Amino acid sequence: LITFMTTNYPERLDAALLRPGRVDMQIKFDYASKEQIKQMIESFIPDQLEYLDIVVKQSLKLKCTTATLQQFFFDYRDCKNWDELFRSSHGYVLL
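So, how was this worked out
- Residues numbered from 1 in each chain as written.
- Predicted model: local features only at pLDDT ≥ 70, side-chain atom pairs only at ≥ 80, totals over all residues.
- Heavy atoms only, no water.
- Patch = residues over 30% accessible without salt bridge, like charges linked within 9 Å, V, L, I, M, F, W, Y side chains within 5 Å.
- Areas by Shrake-Rupley, 256 points an atom, 1.4 Å probe, with all protein chains shown as cover.
- Salt bridge = Lys/Arg side-chain N within 4 Å of Asp/Glu carboxyl O.
- Helix = DSSP H or I, 4+ residues; strand = E, 2+ residues; numbered from the N terminus.
- Core = buried A, V, L, I, M, F, W, Y, C linked by side-chain atoms within 4.5 Å.
- Buried < 20%, exposed > 50% of the residue type's maximum accessible area, 1.4 Å probe, protein only.
- Contact = heavy atoms within 4.5 Å.
- Arc of directions from axis to C-beta.
- pLDDT = per-residue confidence, 0-100.
- Phe/Tyr/Trp six-rings, centres within 6.5 Å; stacked < 30°, edge-to-face > 60°.
- Axes fitted to C-alpha atoms, helices over the stretch in contact; angles between N-to-C directions.
- Parallel < 35°, antiparallel > 145°, perpendicular 65-115°, else oblique.
- Left-handed = near helix turned anticlockwise from the far one by under 90°.
- Nonpolar A, V, L, I, M, F, W, Y, C, P; charged D, E, K, R; others polar.

Judged by side-chain polarity, M5, L13 and L17 come together as a nonpolar surface patch covering roughly 250 Å² of accessible area. Considering the arrangement of structural elements, one finds M5 in the segment before α1 (34-44).

Okay, here's the thing in structure tokens:
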């Protein structure tokens with residue numbers, strides 16, 4: 001049996017809940033790293049790699065998660081003019 005527990009406040013959890021045998025592993029899901037962002041850009045918009053630096057810079061600045069980036073790329077998956085998107089408010093608001 002595998003059970004997942006999530007919390008935004010791990011420091012508030014009772015120590016008895018976290019003792020060995022109850023919680024065997026803790027994994028922190030943090031903001032996207034530079035390498036993760038680059039890999040996502042290469043996967044989602046491989047024909048638009050000239051935007052790699054701007055997406056990486058904005059994503060790191062805004063502390064985006066990989067889920068946020070994935071949603072952004074999914075929402076604009078049919079975008080044919082990334083230059084126009086990134087110059088518009090959408091590109092900067094979402095990133």
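There is more to say, and it comes next.
Moving on: the nonpolar core. Ranked by internal contacts, the top residues of the largest apolar core, which has 16 residues, are I37, I41, V55, L69, F72, F73 and W82. Taken together, the elements giving at least two residues each to this core come down to α1, α2 (52-62), α3 (66-75) and α4 (82-87). The contacts of I41, once residues within four sequence positions are left out, are P46, L49, L52, V55, V56 and F73.

Attention shifts here to α1. All of the buried residues along α1 are I37, M40 and I41. Looking down the long axis of α1, one finds its buried residues gathered within 100° of arc, a one-sided arrangement. Turning to α1, the residues buried within the fold contact α2 and α3.

When pLDDT is averaged along the protein, the result is 83; 89% of the residues meet or exceed 70. Across the protein, the element-wise mean pLDDT spans from 53 in helix α5 (residues 89-94) up to 91 in α1.

The final tally for this structure, using the stated rule, is 3 aromatic pairs. With a centroid separation of 5.2 Å and an interplanar angle of 10°, the aromatic rings of F44 and F73 are classed as stacked. Of this pair, F44 sits in helix α1 while F73 sits in helix α3; the two residues are 29 residues apart in sequence, bridging distant segments of the chain. Classification of F44 by relative accessible area gives partly exposed; the value is 38%. Aromatic side chains F72 and F73 sit 5.6 Å apart centroid to centroid with 70° between the ring planes, which places their arrangement in the edge-to-face category. Neither residue differs from the other here; F72 and F73 are each classed as buried.

On to the packing of α1 against α3. Across the interface, α1 lies against α3 with an axial gap of 11 Å and an inter-helix angle of 20°. Of the possible angle classes, the one that applies to α1 and α3 is roughly parallel. For the pair α1 and α3, the crossing hand works out as right-handed. Seen from α1, the contacting residues are Q36, I37, M40, I41 and F44; seen from α3, they are T66, L69, Q70 and F73. Looking at side-chain class alone, the contact of α1 with α3 contains 6 nonpolar, 3 polar and no charged residues.

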